[in-house]
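Coordinate analysis (summary)
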Amino acid sequence: MTMQKTPRTKAQITPRPDAARPAGPALEFGDAWTYAPAPEARDHVKLKSRYDLFVDGRWQPAKKYFPTISPSTEEKLAEVAEASPEDVDRAVSAARRAYERVWSKMKPGERGKYIYRIARRIQEKSRELAVVESLDGGKPIKESRDVDVPISAAHFFYYAGWADKLAYAFPGAGARPLGVAGQVIPWNFPLLMAAWKIAPALACGNTVVLKPAETTPLTALLLAQICEEIDLPPGVVNIVTGAGATGSALVSHPGVDKVAFTGSTAVGKRIQQALAGTSKRLTLELGGKAANIVFADAALDQAVEGIISGIFFNQGHVCCAGSRLLVEESVHDLVVKKLRDRMMTLRVGDPLDKNTDVGAINSRMQLDKIKELVAAGEREGAERFSTPCALPQKGFWFSPTIFTGVTLSHRIAREESFGPVLSILTFRTPEEAIEKANNTFYGLSAGIWTDKGAKLFWLASRLKAGVVWGNTYNKFDPTSPFGGYKESGFGREGGRAGLAPYLEIDG
Amino acid sequence: MSNLVASAAGRVADRGPHIPPRTSPVDQIYVEERAAALGKRSIKKATKVAGLKLAVRMMDLTTLEGKDTPGKVRSLCAKALRPLEHDASVGPVGAVCVYPNMVPVAVDCLRGSGVHVASVATAFPSGLSPLPIKLDDVRRAVGFGADEIDMVIDRGAMLSGEYAKVYDEIVQTKEACGQAHLKVILETGELGSYDVVRHASDIAMAAGADFIKTSTGKVTPAATPPVTLVMLEAIRDHYYATGKRIGMKPAGGIRTAKQALHYLVLVKETLGDAWLTPELFRFGASTLLNDVLMQLEKERTQAYQGADYFSKE
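All of these numbers come straight from a predicted model, not from anything done at the bench.

**Describing the nonpolar core**
Counting 211 residues, the largest nonpolar core has Phe156(A), Leu339(A), Ile170(B), Leu264(B) and Phe283(B) as its most contacted members. For this core, the leading source of residues is helix H6 (residues 190-203) of chain A, giving 11 residues. Taken domain by domain, this core gets at least three of its residues from each of domain 1 (50-286 + 486-506) and domain 2 (291-470) of chain A. Discounting residues that sit within four places of it in the chain, Leu339(A) has contacts with Val304(A), Ile307(A), Ile308(A), Leu325(A), Ile402(A), Leu422(A) and Ile424(A). One finds Val374(A), Leu408(A), Phe427(A) and Leu463(A) within the second-largest nonpolar core, a separate group that totals 29 residues.

Here you go:
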């Protein structure tokens, strides 16, 4: 044994870090011991061939239906009703009746009981919900099983507890419900977003009309079944499926008192314009281009895990995804090397396989958007690395991808890809990290990785982002408010703050 | 006595200034989360059989009791050579691990088999004897025929910040080993934090360890998935920096086939294919083998068999 006296990581301060050819010994992640397929059973799931609209506690037919497919196989899963403006009108009227005659008059503690029952029923049906979420949306079963479904139940549990304690949420002020909430949710966390929207609205005494995304309507419809099974009074929750036109009819319906939208910034802006001059309340949770900031003093192996979870969780279909990695220049090469090795272990494929880490892209349209932005990244001169994993023939897929040598002016550093695509930039000082992190028209989230507590808090208070994670990423909890700055929207969901958008607060 | 210490120190000094390496912080919450996540890999059917057979070949079948006798060791060696009498595709194990006095018996039983003879030494398990005695312990075990030495670090020195002492002792133990492979036991259950585990791992590797090992098996907690992950990450950084592959041996507390597979997943997804070999990964265990054999038989026959169908030693 000869003693190795060189520093543990050789400083390689080159003018242009070359991620395509990392220096030094390389690890091999091959087939020395491979995992056999481990598909979650789906035979216990009985989907109907056709789903009607859930309005006024009943399943009501529509004039038109559209298919919903599995993005991993392109197989048709079911037909779903396309709600017309008249259907939306019936739903809003049902919600109004339920609000005036039943829900707003009910003792708050009784309201809470219904919400607890929804939560418990979600737990009871968790396997079915997880499988359907992965089938319809393409996300890995381990995520729908361990994240989407349990946190959905947790949101109902959490807000059920608030139902009879609203007076304590805003002490000294009177808090009254608003009326009918029109809610439009995205396709990335279909059940979880429905829970985020419905749970606080109901707890505060409102009734709701919710429109799930057209590519992922199934779990919202299963949630409607749950409302039926627990005998929720008719009209308290109405689910209208459809595409943009249905959503537009809902948010612009004069009978809606409050609009809550989660989705793209472009659509959010149109909603805000449409609502200008009306008395409707509005909350928007829109896009993001979060900075995930890694300092040289961080626990780098864990930071790499956070980078992976930040951008590849749910195929990067996450509004708060850590899509801009800001890494301190002195550890850039080492972090990129570790990141690439870690990416080689990501298992891309069948969303129902229990060992899948990255599932299918949600739709062909989204896949095309990701491809377009990645092509722009290559044209602009950033260096691309995509894992060389085999992708299935059918369905919509994109390999986990990182870009090094990215500058703030590149499109891939400014625009939301909403896919498994990470842009890597460097910084030298904490001030520079803040400047670069804040140099975006978004402001939803950020991550900080450092071993120094003081630096973490100093930085967190200077980042213009609604959520700042310290030495972790993409952690969600019903007690914690979530929402944006700037063009990432306004209003908060989750926690005590998440009650305010659904209440008229006096005094 | 003092001469011995002086000459030992002199030999170390010849190697130049012995500055223990710098080390990286470890985030407890996230490393535990990652280790737990890897425990959720679904390992079934062919993957399970292949993994369990690999685990058998990676096993350091161990008996470290005061009541050990030549007869017990001979019995253990027989089991090491042919763990499952009707299936030659299972085994043999990686090594048999015993106290120094039992080494000649094991060497005799295992001669020509390819199964290594590992001996604990350096005043195992506490390590709290004068260095010359610990080095003599090593030389005698090697002299008896052990080709792998499992040493313990001075945990007191590690915790009180005497890193150079920890480092020097490993360097000198490595010298005393000669051709024998050196496994350095950190006794992670006494080190108190992942940061210290990481630091001790870095010191051990810089000082010449061929393997780093979690535990003696005499202290609780012994091996855990997160502490193993921290050490695997240290091995990875050492490999990045030097190109040298250091082995890993979790030991103690690994009793079930399911646990063993969890450790294999940690190795596979942290260090990759090159480490999925008995040359670079071992399990230190005394009761694990039978559970692995039971699971292998279950996969073969599709039925669980009673514990008494498997020999205790």
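**With respect to the sheet that holds strand S6 (residues 211-213) of chain B**
Residues and elements named next belong to chain B. Overall, parallel pairing links the eight strands, which are arranged S7-S6-S5-S4-S3-S2-S1-S8 in an open sheet. Here the strands that pair on one side only, and so sit at the sheet edges, are strand S7 (247-249) and strand S8 (283-285). The average undirected angle you get between the axes of adjacent strands in this sheet is 25°. With three bridges joining them, S6 and S7 adopt parallel strand pairing. Paired with Ile212 across the two strands is Met248, which belongs to S7.

**Some thoughts on the layout of surface pockets**
Residue and element names in this part refer to chain A. Taken as a whole, the second largest pocket spans an internal volume of roughly 1,100 Å³. Considering the residues around the second largest pocket, the lining is formed by 43 residues, among which Phe261, Gly263, Ser264, Val267 and Lys369 are closest to the centre. Secondary structure elements with two or more residues in the lining of the second largest pocket: helix H8 (244-251), strand S10 (258-262), helix H9 (265-275) and helix H12 (364-379). Residues belonging to the lining of the second largest pocket are distributed by class as follows: 20 nonpolar, 14 polar and nine charged.

**Side note on the pairing of strand S15 (residues 401-404) of chain A**
Residue and element names in this part refer to chain A. Where burial is concerned, the two faces of S15 agree: the one with Thr401 and Phe403 and the one with Ile402 and Thr404 are both buried. Here strand S14 (residues 383-386) pairs with S15 via four bridges, running antiparallel. Following the sheet pairing, Ser386 is matched in S15 by Thr401. Of the strand pairs in this sheet, S15 and strand S16 (residues 421-427) are connected by three bridges, and their pairing is parallel.

**Observations concerning the confidence of the model for chain A**
On average, residues of chain A score 95 in pLDDT, and 95% of them reach the 70 mark or higher. Taken together, the stretch residues 1-21 of chain A has pLDDT below 50 and engages in 39 contacts with residues farther than four places along the chain or on a different chain.

Calculation notes
- Every residue gets a number counted from 1 within its own chain, in the order that chain's sequence is written.
- All chains are assigned letters beginning with A, and all ligands numbers beginning with 1, in the order in which they are written.
- Owing to the predicted nature of the model, reporting of local features is limited to residues with pLDDT of at least 70; listing and counting of side-chain atom pairs is limited to 80 or more, with chain, interface and lining totals taken over all residues.
- Just so you know, side-chain values use all the structure's heavy atoms and leave hydrogens and water out.
- By nonpolar core is meant a set of buried Ala, Val, Leu, Ile, Met, Phe, Trp, Tyr and Cys residues that side-chain atoms within 4.5 Å join together.
- For every residue, the accessible area (1.4 Å probe, protein chains only) is compared with the maximum for its type, and the residue is labelled buried under 20%, exposed over 50%, or partly exposed between those bounds.
- Secondary structure follows DSSP: runs of H or I at least 4 residues long count as helices, runs of E at least 2 residues long count as strands, and numbering of each begins at the N terminus.
- Note that the domain bounds reflect an automated or database-derived domain assignment.
- By the convention used here, residues are in contact when the closest approach between their heavy atoms is within 4.5 Å.
- The criterion for strand pairing is that DSSP finds at least two bridges linking the strands in question.
- Axes here mean lines fitted to C-alpha atoms, for a helix over just the part in contact, with angles spanning 0 to 180 degrees between N-to-C directions.
- Cavity means a closed set of points on a 1 Å grid over the protein atoms alone, one where a 1.4 Å probe fits but cannot get out, pocket means an open set with protein on both sides within 12 Å along at least 5 of 7 lines, and lining means a residue has an atom within 4 Å of a point.
- Grid points are joined across faces, edges and corners, and a volume is the space filled by probe spheres set on the points.
- Polar here means any residue outside two lists: the nonpolar Ala, Val, Leu, Ile, Met, Phe, Trp, Tyr, Cys and Pro, and the charged Asp, Glu, Lys and Arg; Gly therefore counts as polar.
- Summary of the metric used: pLDDT quantifies the predictor's per-residue confidence within the range 0 to 100.

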